[in-house]
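Below are the chains, spelled out letter by letter.
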Amino acid sequence: MSCVNIRGCRIGEGRPKVILPIVERTEAAILEKAVQFSTLPADCVEWRADWFEGFQSPAAIARCIQKLRVALRDKLLLVTFRTKAEGGEQALSHPEYLAFLRLILDTDCADLLDIEFFTAGADLPKLVEQAHSAGVAVVCSSHDFAKTPPRAELVCRMVQMQQAGADLPKLAVMPQCRTDVLELLAATAEMADLHPETPVITMSMGALGAVSRLAGEAFGSAMTFANPGQASAPGQVSLDIVNEVLDALHL
Ligand SMILES: O=C1C[C@@](O)(C(=O)O)C[C@@H](O)[C@@H]1O
């Protein structure tokens, strides 16, 4: 697998990197979590800006992310606006979504930016280029909270993300049976073996899929979201357990 090196954090090499999500409504609560997370054993913090009460105000977003950057100290910052269509809190029009992404890039505070594959649509290559010019790595994401598409489709989607220039293709899908978890793991391994141009991030959601959040190093998923007290998606495992199991399964 190739490696994305962000300020010395080598994503795609060795132990999967751990991400802690911040899902809070107010600036004060967001910053409180950031201070707390800055001392926890994790590599990256995800700001889920779709939870922020000021999500419609560019000034409020810019103010919050600047303070967030400081509070996080040396942790990597991933900024995500998860739209309602992909399981998030808020709906945005296409122009609003693009404006949000450009605002984040303008603040120069994020290390990684989540760009939804289907929401960005034809704008994806241009957005990736803008992120790269701003020195920001792109996590290109796709979510299915109802089902797990077949393995071939999962692979095809991640390859399309790579072709658009994404640094880290990411898939989160819901299993309906244990075979679905295997499909997600098989798609992940296929990416690592046959399309190693970028690392990928994958997870099968819910309790049934939780094993996929812990076995990333064996199957080829470079990062995992852990639950530091409040989960941002079904099936996230608590931070302590994630760290213990990642160590135990280290190759
Ligand atoms: O895309 C993802 C992955 C995720 O949905 C999960 O299943 O852990 C959690 C979200 O916060 C994040 O934006």
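Predicted model only: the values in this text are computed from it and were never measured.

Conventions used here
- Residues numbered from 1 in each chain as written.
- Predicted model: local features only at pLDDT ≥ 70, side-chain atom pairs only at ≥ 80, totals over all residues.
- Heavy atoms only, no water.
- UniProt positions renumbered as here; feature names shortened; annotations may be inferred.
- Helix = DSSP H or I, 4+ residues; strand = E, 2+ residues; numbered from the N terminus.
- Buried < 20%, exposed > 50% of the residue type's maximum accessible area, 1.4 Å probe, protein only.
- Contact = heavy atoms within 4.5 Å.
- Polar contact = N/O pair within 3.5 Å; in protein donor to acceptor, adjacent residues only side chain to side chain.
- Near = heavy atom within 4 Å.
- Areas by Shrake-Rupley, 256 points an atom, 1.4 Å probe, with all protein chains shown as cover.
- Nonpolar A, V, L, I, M, F, W, Y, C, P; charged D, E, K, R; others polar.
- Core = buried A, V, L, I, M, F, W, Y, C linked by side-chain atoms within 4.5 Å.
- Axes fitted to C-alpha atoms, helices over the stretch in contact; angles between N-to-C directions.
- Parallel < 35°, antiparallel > 145°, perpendicular 65-115°, else oblique.
- Left-handed = near helix turned anticlockwise from the far one by under 90°.
- Salt bridge = Lys/Arg side-chain N within 4 Å of Asp/Glu carboxyl O.

Let's shift gears to the UniProt feature "active site" (unreviewed entry) in the protein chain. UniProt annotation of "active site" (unreviewed entry) refers to His143 and Lys170 when read in the numbering used here. Across 28 residues in sequence, these annotated residues keep their C-alpha atoms within 8.6 Å of one another, forming a single compact spot. Mapped onto the elements of the fold, His143 is located in strand E7 (residues 137-144). Overall, the relative accessible area of 14% leaves His143 in the buried class. Residues in contact with His143, not counting those within four places in the same chain, are Arg82, Glu86, Lys170 and Ala172. A polar contact is formed between the side chain of His143 and the side chain of Arg82, at a distance of 3.3 Å. With respect to the helices, strands and loops of the structure, Lys170 is situated in strand E8 (residues 168-173). Overall, Lys170 belongs to the buried group, its relative accessible area being 3%. If sequence neighbours within four positions are ignored, Lys170 has contacts with Glu46, Arg82, Asp114, Val139, Cys140, Ser141, Ser142, His143, Met161, Ile201 and Phe225.

Around the ligand, the surrounding shell holds 13 residues, and the nearest of these are Glu46, His143, Lys170, Arg213 and Ser232. One of the side-chain nitrogen or oxygen atoms of Lys170 is found 2.5 Å away from an oxygen atom of the ligand. Isolated, the ligand exposes 320 Å² of accessible area, and the fraction of that covered by the protein chains is 99%. Per-class residue counts for the shell around the ligand are four nonpolar, four polar and five charged.

The nonpolar side chains of soluble globular proteins are, as a tendency, buried together. Formed by 64 residues in total, the largest nonpolar core has its most connected members in Trp47, Leu68, Val79, Phe100 and Ile115. In terms of residue count, helix H3 (residues 94-107) provides more of this core than any other element does, seven residues in total. The residues contacting Trp47, other than those within four sequence positions of it, are Ile22, Ile30, Phe52, Ile61, Cys64, Ile65, Leu68, Leu77, Leu78, Val79 and Thr80. Membership of the second largest hydrophobic core comes to 21 residues, among which are Cys44, Leu112, Ala172 and Met203.

A few words now on the packing of helix H1 (residues 27-37) against helix H2 (residues 58-71). Angle between the axes and distance between the axes: these two values describe a pair of packed helices. Close contact between H1 and H2 brings their axes to 9 Å; oriented N to C, the two are set at 20 degrees. Looking at the two axes, H1 sits roughly parallel to H2. In terms of crossing hand, the pair formed by H1 and H2 is right-handed. Between H1 and H2, the contacting residues are Glu27, Ile30, Leu31, Ala34 and Val35 on the first element and Arg63, Cys64, Lys67, Leu68 and Ala71 on the second. A class-by-class count of the residues in the contact of H1 with H2 yields seven nonpolar, no polar and three charged.

Evaluation of the coordinates by the stated rule reveals 16 salt bridges. Note that Lys33 and Glu24 form a salt bridge whose closest N and O atoms lie 2.5 Å from each other. Look at Glu24 and you get buried, because its relative accessible area is 16%. Asp111 serves as the salt-bridge partner of Arg69, at 3.0 Å between the closest nitrogen and oxygen. With Arg69 in helix H2 and Asp111 in the loop between H3 and strand E6 (112-116), the pair connects residues that are 42 residues apart, well separated along the chain. Asp111 matches Arg69 in its accessibility class, with the two residues each being buried. Beyond isolated ion pairs, a larger network of salt bridges with shared partners links Arg82, Asp114, Glu116 and Lys170.

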